[in-house]
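Observations on chain architecture
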Amino acid sequence: MSRQTTSVGSSCLDLWREKNDRLVRQAKVAQNSGLTLRRQQLAQDALEGLRGLLHSLQGLPAAVPVLPLELTVICNFIILRASLAQGFTEDQAQDIQRGLERVLETQEQRGPRLEQGLRELWDSALRASCLLPELLSALHRLAGLQAALWLSADRLGDLALLLETLNDSQSGASEDLLLLLKTWSPPAEELDAPLTLQDAQGLKDVLLTAFAYRREDAAEHYLDLLALLLDSSEPRFSPPPSPPGPCMPEVFLEAAVALIQAGRAQDALTLCEELLSRTSSLLPKMSRLWENARKGTKELPYCPLWVSATHLLQGQAWVQLGAQKVAISEFSRCLELLFRTTPEEKEQGAASNGEQGCKSDVALQQLRAAALISRGLEWVASGQDTKALQDFLLGVQMCPGNRDTYFHLHQTLKRLDRRDEATALWWRLEAQTKGPQEDATWSLPLYLESYLSWIRPSDRDAFLEEFRTSLPKSCDL
């Protein structure tokens, strides 16, 4: 049915939109409710309300003015249902298909399209959106859910083709799904758009996290994570499976890093709080955890690192929010835990799991360095160079292979006009640059690599070169 022959009263459209917005707010209240039974009831009521609203909208002929709202209601309905069920179902694919068919109906392509699969429907609908730009944001949102559903069903070929279509690309890069996901750039949401439980950019973030989790060969758990992440007004996660194992905490830490990097510090804090609630109960058992590490247990020894890293990321999130005192407290808490959880590296029996233990020790060293540098930088920002000097000195002692600690210490000594000490440290830096960096052969967790890259001074080489040229003018050593 053409858009010219269909008109919808603006009063009805306003009422439908008002109902959608009210139900979305109710669902978000449910997310923030601490009472499980109340949360379930509020969410279930919101789900039934969305179901009824969708039934009303789809009981009328498809009309372009209403379709953005209708597609938004479909998305909200699928997201809330997947969140409550902690997974996707086949009839959710049917909901998506029905939405696409409604788009095509407005282009005089009516009737059931049973001969077409979802992939073909997507091609047709996205072509139609070129003529109907007002549908583009809603279609990209629906495409994000389609991508999540295909990812959960392991239909990677269909997912790649959909992403290529969304990217308006026929580059032949379909083998690199991660690149296609990163390249996808959903259109910005209209300021007056109907409320959604998750916008297209948020769905993209969910897919990137879930795909990274999938690549960690933890397929039995990443589907749950995918569904739970969709409910993202306040990120929530299910308890880790028993026995505790779940590269899962590292995936959460990677997600927190991504949120901070995207400027979503508050979301990162919420995620970190949830992770702490799941892992902090193991802290009193840390001595036993390290004992298990020496006996060869692979997963448990990382718990102290996870908890400490969570406080580190919380500190960085507070830095982004401008809460300097809280940030310093979080960095201090991270360091306190790290110094409490030092394994007895020399104890007999550690060789039974030598490589695993070495990797754990390297991560521990670099995490200490990251926390000391981070706290030191906050002291510098507040004009307390003497306190910063103490942290950078400790960083050099605790992690001699981390060149960034030397650089920050060197800068601080120079600011404090302790020229001779700065010069002596410069010679140590020079010696380090001529040899391989200590522990360079050991790979670090991705979240820690990302964090270290943030606090790595971009002007390090230029600063050292400037200091090098000033050496002849200095006093004799």
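Calculation rules
- Residues numbered from 1 in each chain as written.
- Predicted model: local features only at pLDDT ≥ 70, side-chain atom pairs only at ≥ 80, totals over all residues.
- Heavy atoms only, no water.
- Helix = DSSP H or I, 4+ residues; strand = E, 2+ residues; numbered from the N terminus.
- Expected span 1.5 Å × (residues − 1).
- Buried < 20%, exposed > 50% of the residue type's maximum accessible area, 1.4 Å probe, protein only.
- Phe/Tyr/Trp six-rings, centres within 6.5 Å; stacked < 30°, edge-to-face > 60°.
- Axes fitted to C-alpha atoms, helices over the stretch in contact; angles between N-to-C directions.
- Left-handed = near helix turned anticlockwise from the far one by under 90°.
- Contact = heavy atoms within 4.5 Å.
- Nonpolar A, V, L, I, M, F, W, Y, C, P; charged D, E, K, R; others polar.
- 1 Å grid on protein atoms, 1.4 Å probe; cavity = no way out; pocket = protein on both sides within 12 Å on 5 of 7 lines; lining within 4 Å.
- Points joined across faces, edges and corners; volume = space filled by probe spheres on them.
- pLDDT = per-residue confidence, 0-100.
- Core = buried A, V, L, I, M, F, W, Y, C linked by side-chain atoms within 4.5 Å.
- Arc of directions from axis to C-beta.
- Salt bridge = Lys/Arg side-chain N within 4 Å of Asp/Glu carboxyl O.

Some remarks on helix 14 (residues 303-320)
- With 18 residues, helix 14 extends 26 Å between its outermost C-alpha atoms, agreeing within 8% with the 26 Å of an ideal straight helix rising 1.5 Å per residue.
- Burial runs high along helix 14: 15 of the 18 residues are buried.
- Within two residues after helix 14, glycine 322 carries a phi angle of roughly 80 degrees, on the positive side.

Regarding the packing of aromatic side chains
- Tallying each qualifying case throughout the model produces one aromatic pair.
- Centroid distance tyrosine 451 to tryptophan 454: 5.4 Å. Interplanar angle 45 degrees. Geometry classified as tilted. Note that tyrosine 451 and tryptophan 454 are positioned in helix 20 (residues 446-454) at a spacing of three residues, about one turn of the helix.
- With relative accessibility at 25%, the residue tryptophan 454 sits in the partly exposed group.

With respect to the packing of helix 14 against helix 20
- It is the contact of helix 14 with helix 20, at a shortest axis distance of 12 Å, that shows an interaxial angle of 35 degrees. Both helix 14 and helix 20 take part in a crossing whose hand is left-handed. Here Leu305, Trp306, Ala309, Leu312, Leu313 and Gln316 of helix 14 lie close against helix 20, whose contacting residues are Tyr447, Tyr451 and Trp454.
- Class assignment of the residues belonging to the contact of helix 14 with helix 20 gives a composition of eight nonpolar, one polar and no charged.

Here we look at the layout of surface pockets
- Considering only enclosed or pocket space, the second largest pocket measures out at about 350 Å³ in volume.
- Lining the second largest pocket we find 19 residues, and of these Pro68, Glu134, Glu190, Ala193 and Pro194 sit closest to its centre.
- Counting residues per element, the ones that place at least two in the lining of the second largest pocket are helix 1 (10-32), helix 3 (67-85) and helix 6 (136-152).
- In terms of residue count, helix 6 provides more of the lining of the second largest pocket than any other element does, four residues in total.

Overview of unusual backbone geometry
- Positive phi, close to 65 degrees, is recorded for aspartate 154, a residue that is not glycine.
- Residue position: aspartate 154 is located in the loop between helix 6 and helix 7 (156-166).
- Looking at aspartate 154, the relative accessible area reads 46%, which means it is partly exposed.
- One non-glycine residue, aspartate 417, lies in the positive phi region at around 60 degrees.
- Structurally, aspartate 417 is set in the loop between helix 18 (403-415) and helix 19 (419-433).
- We classify aspartate 417 as exposed; its relative accessible area is 64%.

Here's the deal with the confidence of the model for the chain
- Per-residue pLDDT for the chain has a mean of 76; in total, 69% of the residues score no lower than 70.
- In this model residues 1-7 is a low-confidence stretch, pLDDT under 50, and it forms 16 contacts with partners more than four residues away in sequence or in other chains.
- This stretch, residues 296-300, has a pLDDT under 50; its non-local contacts, to residues over four places away or in other chains, come to eleven contacts.

Brief notes about the nonpolar core
- Counting 66 residues, the largest nonpolar core has Leu100 and Trp122 as the members making the most contacts within it.
- For this core, the element with the highest residue contribution is helix 3, accounting for eleven residues.
- Residues in contact with tryptophan 122, not counting those within four places in the same chain, are Ile96, Leu100, Leu139, Leu142, Ala143, Gln146, Trp150 and Leu162.
- Counting residues in hydrophobic clusters, the runner-up holds 42 residues, among them Phe252, Leu259, Ala371 and Tyr451.

Points about helix 20
- Residues of helix 20 that are buried include every one of Tyr447, Leu448, Tyr451 and Leu452, and no others. Buried residues of helix 20, seen end-on, are gathered within an arc of 130 degrees and therefore sit on one face of the element.

Observations concerning the pattern of salt bridges
- Tallying each qualifying case throughout the model produces 15 salt bridges.
- Ionic pairing is found between aspartate 267 and arginine 264, a salt bridge with its closest N-O pair at 3.0 Å.
- Salt-bridge contacts for arginine 415 lead to aspartate 385; the nearest nitrogen and oxygen are separated by 3.1 Å. Of this pair, arginine 415 sits in helix 18 while aspartate 385 is found in helix 17 (residues 385-398), placing the two residues 30 residues apart along the sequence.
- Exposure remark for aspartate 385: the relative accessible area of 16% places this residue in the buried category.
- Residues joined by salt bridges that share partners form a network here, namely Arg98, Glu101 and Glu105.

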